[in-house]
Amino acid sequence: MADTDDVSRRKVLLGGAALGGAAAAGIGGLAAPASARAHPSAAAAAAGPGPAATVTPGDARYRDMISGSNGRWRAAPEAIRVPRTTAQVVDAVQEAVRAGKRIAVRSGGHCYEAFVYNADVEVVIDLSAMNDVHYDTDRRAFAVEAGCTLWEVYLELYRTWGVTIPGGTCGSVGAGGHVCGGGYGALCRQAGLTVDHLHAVEVVVVDAAGRARAVLATREDDDPHRELWWAHTGGGGGNFGIVTRYYFRTPGTGGMAPEKQLPRPPGEVYVHSQSWPWSDITEGRFRTLLRNYGAFFEEHSAPDSPYAGLFSMLVLSSRASGEISLSTQMDATRPDAAKLLEEFLAAIGGGIGKARPMTKRAGELRARPELFAAQKQSWLTATRAHAGTGWGGRGDYKSAYMRKGFPDAQIAALYKNLTETELTGVLVAVDSYGGAVNRVAEDATAVAQRDSILKLQYQAYWGEPDEEAAKLAWIRGVYRDVYADTGGVPVPGEVTDGTYINYPDIDLSDPEWNTSGVPWHDLYYKAGYPRLQQVKRHYDPGDVFRHTQSVR
């Protein structure tokens, strides 16, 4: 019964979220604005007041801290350490290493695979209490602790300085894992990836002698730790150490006022939502829809495109779910924004049939028929709509980058798998991509996919364990069929360009599902993997920080 609830609570529909209730969670818990607080220097903060808090199996909090957003994964660690300072993280890591304990680290709890919560983990270091955002005058950059949720980051940066980072649309995701995987969201086409604005990262690492220490790595060319910074611009979490703090400022803004050191989001955006009922969708119309969508972004994904301020998500739900939906956000401050949005909707919907407002099914928070007519909202209101998310449901995910629109064989495979099933809670979300993302060189960060136009996320959700087999069979089957020409995975090539490390997929390591001959790490990192391995050898020679798809 949880299928529709689980789907609707994720970031599936961009423009149709409820604006109250759970969507506003987290606002009251923030501290006073950073401009009104005195922040200690890095050296003073490192001193830290005593040891990190410890939660053990006898503690009432334990049950709530041994799993994340995906209820498939649970652990039974001996202890959960909850530090509030970098020094406490160092001490917690040192204690675990000295005792020979297997470590896992958590920030927001949104890992899709069992990289944190699994049977091997003995100590979880939970960073959720490290959630400060402030401006560091010494480093001339915005400091974001790794336990912050994205919503906390957006709210604090915007209400105090009027700036933001171009991160994800799901506000409950933790900054710790989101940023080091690259980070993207509704502003990425006009402002780039999150890591394109990352100036420095503070990481707790362990040397060959087993000594834990904190290292600050910056993007400066003369920084001896620059490669550690680079590894955290798309190398993914749990590989090299524990990130305790990120420092953000856009390259070239070091001498500017804080208000000019990060992107300023648009004051207003248009939001729009519509759908097409599956009862009106023939295979020919489905093919036309996907061709329209791909062709539009092939033509309009240059960094200087007038459509750089547009972000859209096409949600291909199964026929049993009832409809295909399209949600769009457009920077309303751009010249002719309303006209551009109208032209986009006409280009996508041409030849499909009449669209309708998205229907409100039981449990859905995000379907809002009034958005069928595009509405102006403040940027913060539109962003607040995604602050809440489901927690504790079960799910599985796969991803793909696309350099071109959908070939006919891929469209046919999607149609077959979406229509020949009675399952609900299964879908493929097709996000617009490119724009400013593609302004950055492929080797400038660890995110190697820098000429894509679309980003796909295959999703399956369920509530009860006995539903898992059918949902996994569906998502594995559609992925295998769509990429049948390249061994069941989106191998980097003319059309596809690998997968996204923040949507980890353990099947990429399984020869049953990946018959391409291309290893999982090349699907994530392409030619950058050997460079990540060099960083791993230098900063984590004992492989203290590892999981089933960590850098070897």
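- As annotated in an unreviewed UniProt entry, the protein chain is FAD-binding oxidoreductase from Streptomyces coryli.
- The Cofactor (unreviewed entry) field of the UniProt record for the protein chain holds the comment "FAD".
- Per UniProt, the comment on the protein chain under Sequence similarities (unreviewed entry) is "Belongs to the oxygen-dependent FAD-linked oxidoreductase family."

## Regarding the overall build of the protein chain
For step 1, the next point in the chain: A count of helices and strands for the protein chain gives 14 helices and 16 strands.
For step 2, the next point in the chain: Considering the protein chain as a whole, with its 552 residues, one finds that 61% of them fall into the buried category.
For step 3, the next point in the chain: Contacts spanning at least 24 positions in sequence make up 75% of the contacts within the protein chain whose residues lie at least 6 apart.
For step 4, the next point in the chain: For the protein chain, the accessible surface area stands at approximately 19700 Å², while carbon and sulfur atoms represent 52% of it.

## Quick notes on the environment of A96
For step 1, the next point in the chain: Note that A96 resides in helix α3 (residues 86–98).
For step 2, the next point in the chain: On the basis of relative accessibility, which here comes to 5%, the residue A96 falls in the buried class.
For step 3, the next point in the chain: In sequence terms A96 and V123 are 27 residues apart; their C-alpha atoms lie 7.2 Å from each other.
For step 4, the next point in the chain: Apart from the residues lying within four places of it in its own chain, the contact partners of A96 are K101, I103 and V123.

## What to know about the sheet that holds strand β12 (residues 323–331)
For step 1, the next point in the chain: Read across the open sheet, the seven strands follow the order β13-β10-β12-β11-β15-β16-β14; overall the sheet is antiparallel. Edge positions in the sheet fall to β13 (375–378) and β14 (394–402), since each has one partner strand and no second. Averaged over all neighbouring strand pairs, the angle between strand axes comes to 20°, with direction disregarded.
For step 2, the next point in the chain: As judged from the seven bridges shared by strand β11 (residues 310–317) and β12, these two strands associate in the antiparallel manner. When the sheet's bridge partners are listed, S312 is paired in β12 with T328.
For step 3, the next point in the chain: Strand contacts of helix α9 (residues 337–349): β10 (268–277), β11 and β12, with the helix running at about 160° to β12, the strand carrying the most contacts.

## Details of the packing of helix α8 (residues 283–299) against α9
For step 1, the next point in the chain: For the pair α8 and α9, the least separation of the axes is 7 Å and the interaxial angle reads 140°. Of the possible angle classes, the one that applies to α8 and α9 is oblique. Here α8 contributes L289, N292, Y293, F296 and F297 to the contact with α9, which in turn contributes F344, A347, I348 and G349.
For step 2, the next point in the chain: Looking at side-chain class alone, the contact of α8 with α9 contains seven nonpolar, two polar and no charged residues.

## Structural notes on the pattern of salt bridges
For step 1, the next point in the chain: If you walk through the whole model with that rule in mind, you get 31 salt bridges.
For step 2, the next point in the chain: The partner of K101 in a salt bridge is E78, and the shortest N-O contact between them spans 3.2 Å. Within this pair, whereas K101 is found in the loop between α3 and β3 (103–106), its partner E78 is found in the loop between β1 (53–55) and β2 (79–82), the two being separated by 23 residues in sequence.
For step 3, the next point in the chain: Here K101 falls in the partly exposed class, since its relative accessible area comes to 27%.
For step 4, the next point in the chain: A residue is classified by how much of its surface remains accessible, and E78, at 41% relative accessible area, is partly exposed.
For step 5, the next point in the chain: Here K526 and D497 are joined by a salt bridge, their closest N and O atoms 2.9 Å apart. One end of the pair, K526, is in the loop between α13 (520–525) and α14 (529–539); the other, D497, is in the loop between α12 (468–482) and α13, with 29 residues separating them in the sequence. Judged on exposure class, the residue K526 and its partner D497 are both buried.
For step 6, the next point in the chain: Residues participating in the shared-partner salt-bridge network are R403, E442, D451, D497 and K526.

Parameters at a glance
Residues numbered from 1 in each chain as written. Predicted model: local features only at pLDDT ≥ 70, side-chain atom pairs only at ≥ 80, totals over all residues. Heavy atoms only, no water. UniProt positions renumbered as here; feature names shortened; annotations may be inferred. Helix = DSSP H or I, 4+ residues; strand = E, 2+ residues; numbered from the N terminus. Buried < 20%, exposed > 50% of the residue type's maximum accessible area, 1.4 Å probe, protein only. Contact = heavy atoms within 4.5 Å. Areas by Shrake-Rupley, 256 points an atom, 1.4 Å probe, with all protein chains shown as cover. Pairing = 2+ DSSP bridges. Axes fitted to C-alpha atoms, helices over the stretch in contact; angles between N-to-C directions. Parallel < 35°, antiparallel > 145°, perpendicular 65-115°, else oblique. Nonpolar A, V, L, I, M, F, W, Y, C, P; charged D, E, K, R; others polar. Salt bridge = Lys/Arg side-chain N within 4 Å of Asp/Glu carboxyl O.

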